[in-house]
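# Geometric and topological summary
Okay, here's what each chain looks like letter by letter:
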Amino acid sequence: MREKQSDKKRAAAKWTVRKFFECMMYLVIVIALTYVVIRFVGQRTGVSGSSMEPALSDGDHLLIDKLSYRFHEPERFDVVVFPDENTNSKYYIKRVIGLPGERVQIDEKGYIYVNGEELCESYGLEVIKEAEEIIDLGEDEYYVLGDNRNNSEDSRGDVVGRVHRYEIVGKAWFRIYPINRIGFVKHG
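Residues numbered from 1 in each chain as written. Predicted model: local features only at pLDDT ≥ 70, side-chain atom pairs only at ≥ 80, totals over all residues. Heavy atoms only, no water.

## Quick look at the nonpolar core
Cut-off, in case you're wondering: Working definition of a nonpolar core: buried Ala, Val, Leu, Ile, Met, Phe, Trp, Tyr and Cys residues. They are joined through side-chain atoms within 4.5 Å. Accessible area is worked out with a 1.4 Å probe on protein chains only. A residue is then buried under 20% of its type maximum, exposed over 50%, and partly exposed in between. Helix numbers and strand numbers start at the N terminus; a helix is a DSSP run of H or I with at least 4 residues, a strand a run of E with at least 2. Should any heavy atoms of two residues lie within 4.5 Å, those residues are considered in contact.
Counting residues in hydrophobic clusters, the biggest one holds 13 residues, and the most contacted among them are Ile97, Ile112, Leu119, Tyr143 and Leu145. For this core, the secondary-structure elements that each account for two or more residues are β5 (103–106), β6 (112–114) and β9 (141–145). What Ile97 contacts, discounting residues up to four positions off in sequence, is Arg76, Phe77, Glu102, Ile112, Val114, Leu119, Tyr143, Val144, Leu145 and Arg149. Listed in part, the eleven residues of the second largest apolar core include Val80, Leu99, Val144 and Val160.

## Description of the pattern of salt bridges
Here is the rule we go by: One speaks of a salt bridge when a side-chain nitrogen belonging to Lys or Arg is within 4 Å of a carboxyl oxygen belonging to Asp or Glu.
Counted under the stated rule, the structure contains nine salt bridges. For the salt bridge of Arg175 with Asp60, the shortest nitrogen-to-oxygen distance reads 2.5 Å. Separated by 115 residues along the polypeptide, Arg175 in strand β11 (residues 170–177) and Asp60 in the loop between β1 (42–46) and β2 (61–65) bring together distant segments of the chain. Given a relative accessible area of 8%, Arg175 falls into the buried group. In this structure Asp60 comes out as buried when scored by relative accessible area, which is 2%. The salt bridge partner of Arg165 is Glu73, with a shortest N-O separation of 2.7 Å. Placement of the pair is Arg165 in the loop between β10 (163–164) and β11 and Glu73 in the loop between β2 and β3 (79–83), with a sequence separation of 92 residues. For Arg165, a relative accessible area of 18% gives the class buried.

Here it is in structure tokens:
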């Protein structure tokens, strides 16, 4: 009788140890998959400030698509995310206006020209107040603007300037908060 009880205890102990290792293996797999998703596929970020109004607002929470730019280059009007080169802990969210190799100018009336042709777009919240001299973009440089054009640190200033391709982390993809504004971020 004692042998049966002892066998049952040993079997229960083996089962407990086996279940423990199964749970640990499951946890390691979940952590590894989470790392891969955050590193290579997407991540969550928040919007701070009003530079992208009305498309994105202060306090919005977004999912960033980090995968698509591994297969194609950013396109005009994409809303891209890139780090502040001075801190690397702060990220900017801006709209691509000028592509590599293009010439961008903002005239005294606030109109944007790309390669000498007026840019037809409806994202800017208001007419740009200050003119910008002609900017010739390099082969890996992008010209970005906030949608709230007169309240945005963007390619017009030295703080952001031209954005290099390798700096672009990904594309703003989906707003997850606030709940009443859940949905895909509008691009070109």
